[in-house]
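Summary of structural features
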Amino acid sequence: MPQTHFAVIALGSNLAEPARQVRAALSAMEAHPQIQIEKTSSLYVTAPVGYDDQPDFVNAVCSVRTSLDGVSLLAVLNRIEADFGRERTFRNAPRTLDLDIIDFDGISSDDPHLTLPHPRAHERSFVMKPLAEILPDFVLGGHGRVADLAAALGEEGIRLLEEAV
């Protein structure tokens, strides 16, 4: 596989055995012939954001190499979400699987279909803490070094579920 692009992907689930969903989603991404996972964080349990009346989430982050462009990668991720039963009922709703591109080759884009870097990632400990685990010196857009962003967000509402394998 020509490894031409680098991407960071956040994974989350809070329905139907969330840890199993996240692990299976990683396997589904790895099975795609144009996606190679480089690093995967541990799994974290996090409190919901935006809509509190739902179960806690299981979250992780991975870095990948891919020959897909950003829009094509997003399409693959959306297909995986659909295969896992993802329904988009309302913003911040409970979900079987959520896959978000956090960064793609360091590109900045205001395209409403694929905004890069992810516009709220730097504010979310459920993205920054796992990302700091695997890429502490990564710089996310103009927001700064991931380890510093994660430290500033603190530990409230997030705890380690299981170590990366």
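Residue positions are given per chain, counting from 1 as you read along its sequence in written order. At least 70 in pLDDT is required for a residue's local features to be given in this predicted model, at least 80 for side-chain atom pairs to be given and counted, and no such filter applies to totals for whole chains, interfaces and linings, which use all residues. As a rule here, side-chain values come from all non-hydrogen atoms in the structure, and water together with hydrogens is ignored.

As named in an unreviewed UniProt entry, the chain is 2-amino-4-hydroxy-6-hydroxymethyldihydropteridine pyrophosphokinase, taken from Neisseria sicca ATCC 29256. UniProt positions are given in the numbering used here, feature names are shortened, and annotations may be inferred rather than shown by experiment. The heading Pathway (unreviewed entry) in the UniProt record of the chain holds the text "Cofactor biosynthesis; tetrahydrofolate biosynthesis; 2-amino-4-hydroxy-6-hydroxymethyl-7,8-dihydropteridine diphosphate from 7,8-dihydroneopterin triphosphate: step 4/4." For the record of the chain, the UniProt heading Sequence similarities (unreviewed entry) holds the text "Belongs to the HPPK family."

Attention now moves to the pattern of salt bridges. A carboxyl oxygen of Asp or Glu within 4 Å of a side-chain nitrogen of Lys or Arg is what we treat as a salt bridge. Evaluation of the coordinates by the stated rule reveals six salt bridges. A salt bridge links Arg95 to Asp98; its shortest N-O distance comes to 3.0 Å. Owing to a relative accessible area of 13%, Asp98 belongs among the buried residues under this scheme. Three labels apply to residues, based on accessible area from a 1.4 Å probe with only protein chains included: buried if under 20% of the type maximum, exposed if over 50%, partly exposed otherwise in between.

Within helix H3 (residues 125–134), eight of the ten residues are buried, which leaves the element mostly enclosed by the surrounding structure. A run of DSSP states H or I qualifies as a helix once it reaches four residues; a run of E qualifies as a strand once it reaches two. Both are numbered from the N-terminal end. Turning to H3, its buried residues are Ser125, Phe126, Val127, Met128, Pro130, Leu131, Ala132 and Ile134.

A word on the packing of H3 against helix H4 (residues 146–153). Fitted lines through C-alpha atoms give the axes, limited to the stretch in contact for helices. The angle between two N-to-C directions lies from 0 to 180 degrees. One way to put it is that H3 packs onto H4 with a least axis distance of 8 Å and a crossing angle of 135°. Between H3 and H4, the angle is such that the two are oblique. Considering only the axes of H3 and H4, their crossing is left-handed. Two secondary-structure elements touch here, H3 through Ser125, Met128, Lys129, Leu131 and Ala132 and H4 through Val146, Ala147, Leu149, Ala150 and Leu153. Orientation labels follow simple angle bins: below 35 degrees gives roughly parallel, above 145 gives roughly antiparallel, 65 to 115 gives roughly perpendicular, and whatever is left gives oblique. When the near helix sits turned anticlockwise from the far one by under a right angle, the crossing is termed left-handed; a clockwise turn instead gives a right-handed crossing. Any two residues whose heavy atoms approach within 4.5 Å at even a single point are treated as in contact.

The next subject is the nonpolar core. Burial of nonpolar side chains together is a common tendency in soluble globular proteins. Residue types Ala, Val, Leu, Ile, Met, Phe, Trp, Tyr and Cys, when buried and joined through side-chain atoms within 4.5 Å, form a set referred to as a nonpolar core. Counting 28 residues, the largest nonpolar core has Leu11, Met29, Cys62, Leu73 and Ile101 as the members making the most contacts within it. Every element with two or more residues in this core is listed here: strand E1 (5–13), helix H1 (18–31), strand E2 (35–40), strand E4 (57–66), helix H2 (70–83) and strand E5 (98–104). Counting residues in hydrophobic clusters, the runner-up holds 18 residues, among them Phe6, Val61, Ala121 and Leu135.

It is worth spelling out the packing of aromatic side chains at this point. Here is the rule: rings of Phe, Tyr and Trp (six-membered ring for Trp) pair when centre to centre is within 6.5 Å. Planes less than 30 degrees apart are stacked, more than 60 are edge-to-face, and the remainder are tilted. Summed over all chains, the structure comprises one aromatic pair. Measuring from ring centre to ring centre gives 6.0 Å for Phe6 and Phe138, while their planes differ by 45°; the resulting arrangement is tilted. Taken together, the residues span a long stretch of sequence, with Phe6 in strand E1 and Phe138 in the loop between H3 and strand E6 (139–140) at a distance of 132 residues. Assigned by exposure class, Phe6 and Phe138 land together as buried.

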